[in-house]
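Residues per chain, in single letters:
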Amino acid sequence: MPKTLMCDPKLFEKDLSGRTYIVTGANSGSGFATAEQLAKQGALVIGACRRVDAGKAAFADTTKLRGSVEIMELDLGSLASVRAFAEAFKAKYDRLDGLVNNAGVMAIPEGKTVDGFETQFGVNHLGHFLLTELLLDTLKASAPARIINVSSAAHAGMMGATAEINFDDPNCEKREYNATATYNQSKLANLLHAKELAKQLEGTDVSAFSVHPGWIRSNLVEGAFAKFMQNVVMRPFSGMLGTMDWFEGAQTTLHCLLDDNAPKNSGAFYSQTSILYQKKADKAGAWPMKSPNPIAHDEAVAEKLYDVSMELVGLK
């Protein structure tokens with residue numbers, strides 16, 4: 001397996017005092033590592049978590065932080081919760097330097113969000129889509145600012161399932177439910193969302209990116225297989241499989257947030273290493289990387305997804 005891509009250490013020497021970031025799903029995994037690193041560099045980080053107690057417990061020890069982490073409730077499976085979070089944030093803060101749409105679910109049993117959307121499409125894409133739209137005015141006012149959508153190598157297909165946006169049935173109401181295919185769809189949606197955002201935000205000094213963080217040893221795999229398999233049984237094979245710890249999994253996100261040259265590639269996909277890619281050349285990842293999925297480059301699909309999403313979340 002290729003070597004894990006790591007940030008230039010100089011990026012972690014930047015003083016982020018006075019900057020404010022939102023990281024969804026900051027209580028564990030790469031979300032925690034991203035929030036912690038930003039706070040270590042002096043930033044105020046809002047950890048947007050469905051389980052507030054878990055978020056507060058994760059950041060109970062603040063001795064390593066120059067900045068601070070505030071936990072606020074956000075349930076991406078409820079549009080009302082997304083709206084309440086955005087309203088509460090804007091009532092308290094008027095600055096937002098970066099939004100990291102990190103939280104998500106993977107390959108879970110069939111289900112619906114509070115608003116009736118297929119859970120993976122609803123949580124991974126639509127919840128973050130609405131959150132981003134509601135915070136765009138603050139991001140623009142704080143420019144330069146950045147938006148990071150945590151996608152996945154699965155946006156190009158995974159475990160024999162293809163990746164496409166099923167506009168006729170995005171919420172899997174007419175077709176047989178396939179947990180992997182719907183996960184792939186949601187991750188492709190994350191990438192296309194960032195691509196369309198970059199186009200719409202051109203000239204505002206707000207840039208948008210989608211990233212594959214790598215195969216991280218985290219809670220995300222619970223829907224696919226037991227955490228015991230990942231964290232214990234498969235641990236001796238980590239190097240061969242390309243699995244990584246939380247901090248390693250945060251590298252691609254942190255690079256897009258902190259690298260001075262990243263905005264020149266607004267709309268691009270940045271990928272960590274992955275065994276999921278079919279071509280050997282793609283497995284090493286790249287910052288940025290050309291997606292192997294042709295749909296990822298289709299501007300008409302990206303625009304249509306944006307319009308459909310606006311309607312689904314009640315903004316159109």
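Residues numbered from 1 in each chain as written. Predicted model: local features only at pLDDT ≥ 70, side-chain atom pairs only at ≥ 80, totals over all residues. Heavy atoms only, no water.

Colleague: Any chance you could explain the state of the cysteines here in plain terms?
Modeller: Think of a disulfide as a covalent bridge from one cysteine sulfur atom to another cysteine sulfur atom. This model, assessed by the stated rule, comprises 0 disulfides. Looking at Cys7, it has no disulfide partner, and the nearest cysteine sulfur is the one in Cys256, 8.6 Å off. For Cys7, a relative accessible area of 8% corresponds to the buried category. (Disulfide = S-S within 2.5 Å. Buried < 20%, exposed > 50% of the residue type's maximum accessible area, 1.4 Å probe, protein only.)

Colleague: What's the story with unusual backbone geometry in this structure? I'm lost.
Modeller: Trans is the prevailing form of peptide bonds, just as negative phi is the prevailing case for residues other than glycine. Following Ala143, the chain continues to Pro144 via a peptide bond in cis, the omega torsion being 10 degrees. Within the secondary structure, Pro144 sits in the loop between helix H4 (119-141) and strand S5 (145-150). Cis rather than trans, the peptide bond between Trp287 and Pro288 has omega equal to -5 degrees. The residue Pro288 is located in the loop between strand S9 (269-271) and helix H10 (299-312) in this model. Although it is not a glycine, Ala107 sits at a positive phi angle of roughly 50 degrees. Within the fold, Ala107 resides in the loop between strand S4 (98-101) and H4. The backbone phi angle of Asp205 is positive, close to 70 degrees, even though this residue is not glycine. Along the chain, Asp205 falls in the loop between helix H5 (179-200) and strand S6 (206-212). (Helix = DSSP H or I, 4+ residues; strand = E, 2+ residues; numbered from the N terminus.)

Colleague: Whenever I open this one, the sheet that holds S5 confuses me. Can you help?
Modeller: Where strands meet in a sheet, backbone hydrogen bonds hold them as pairs that are either parallel or antiparallel. Read from one edge of the open sheet, 7 strands run S3-S2-S1-S4-S5-S6-S9, paired in parallel fashion. The outermost strands of the open sheet, each flanked by one partner alone, are strand S3 (68-73) and S9. Each neighbouring strand pair of the sheet contributes to a mean axis angle of 20 degrees, computed without reference to strand direction. The strands that helix H1 (residues 29-40) touches are strand S1 (20-24), strand S2 (44-49) and S3; relative to S1, the one it contacts most, it runs at about 165 degrees. Taken strand by strand, helix H9 (residues 251-258) contacts S1, S4, S5, S6 and S9, and its axis lies near 160 degrees from that of S5. (Pairing = 2+ DSSP bridges. Axes fitted to C-alpha atoms, helices over the stretch in contact; angles between N-to-C directions. Contact = heavy atoms within 4.5 Å.)

Colleague: Would you mind going over the packing of H4 against H5 with me for this structure?
Modeller: Interhelical geometry of H4 versus H5 gives an angle of 20 degrees and a closest axis separation of 7 Å. Classified by the angle their axes make, H4 and H5 are roughly parallel. Crossing of H4 over H5 shows right-handed handedness. Counting all contacts with H4, which are made through Gln120, Phe121, Asn124, His125, His128, Phe129, Thr132 and Glu133, the residues of H5 involved are Ala179, Thr182, Tyr183, Gln185, Ser186, Lys187, Ala189, Asn190, His193 and Leu197. (Parallel < 35°, antiparallel > 145°, perpendicular 65-115°, else oblique. Left-handed = near helix turned anticlockwise from the far one by under 90°.)

Colleague: Where do I start with the pairing of S5 in this structure?
Modeller: Look at any regular strand and the pattern is simple: side chains alternate between the two faces of the sheet. In terms of burial, S5 is a largely internal element, 6 of the 6 residues being buried. Residue alternation in S5 divides its side chains into two sets, Ala145, Ile147 and Asn149 and Arg146, Ile148 and Val150, and both sets are buried. When S4 meets S5, the two strands line up parallel, connected through 4 bridges. Bridge pairing in S5 links Val100 to Ile148. In this fold, S4 hands off to H4, which returns the chain to S5; that crossover is right-handed. Pairing between S5 and S6: 6 bridges, direction parallel. When the bridges of S6 are listed, Ala145 appears paired with Val206. Note that the unit made of S5, H5 and S6 has a crossover that is right-handed. (Right-handed = clockwise from strand over helix to strand, strands pointing away.)

Colleague: Is there a simple way to explain the environment of Tyr270 in this structure?
Modeller: Position of Tyr270 relative to the elements: it lies in strand S9. Spatially, the C-alpha atoms of Tyr270 and Ser207 are 13 Å apart, while their sequence positions differ by 63 residues.

Colleague: Before we go on, may I ask you to explain the confidence of the model for the protein in this structure?
Modeller: Detailed reading of the predicted model is not advised wherever pLDDT is low. Scored by pLDDT, the protein comes out at a mean of 93, with 92% of its residues at no less than 70. Here residues 223-241 is a poorly scored stretch, pLDDT under 50, and it has 33 contacts once near neighbours within four places are set aside; other chains count. (pLDDT = per-residue confidence, 0-100.)

Colleague: Could you clarify how one ought to interpret the nonpolar core in this entry?
Modeller: Most often, soluble globular proteins keep nonpolar side chains buried together rather than apart. Ranked by size, the top nonpolar core spans 49 residues in total, and within it Ile22, Ile46, Phe85, Phe89, Leu135, Ile147 and Leu192 carry the most contacts. No other element matches H4, which puts 9 residues into this core. Discounting residues that sit within four places of it in the chain, Leu135 has contacts with Ile22, Ala86, Phe89, Lys90, Leu96 and Leu99. One finds Tyr21, Leu38, Ala39 and Val69 within the second-largest nonpolar core, a separate group that totals 31 residues. (Core = buried A, V, L, I, M, F, W, Y, C linked by side-chain atoms within 4.5 Å.)

Colleague: Would you take a moment to explain the pairing of S3 for this structure?
Modeller: Here S2 pairs with S3 via 6 bridges, running parallel. Looking at S3, one finds that Gly47 is bridged to Ile71. After leaving S2, the chain enters helix H2 (residues 52-58) and then returns to the sheet as S3, a path that is right-handed.

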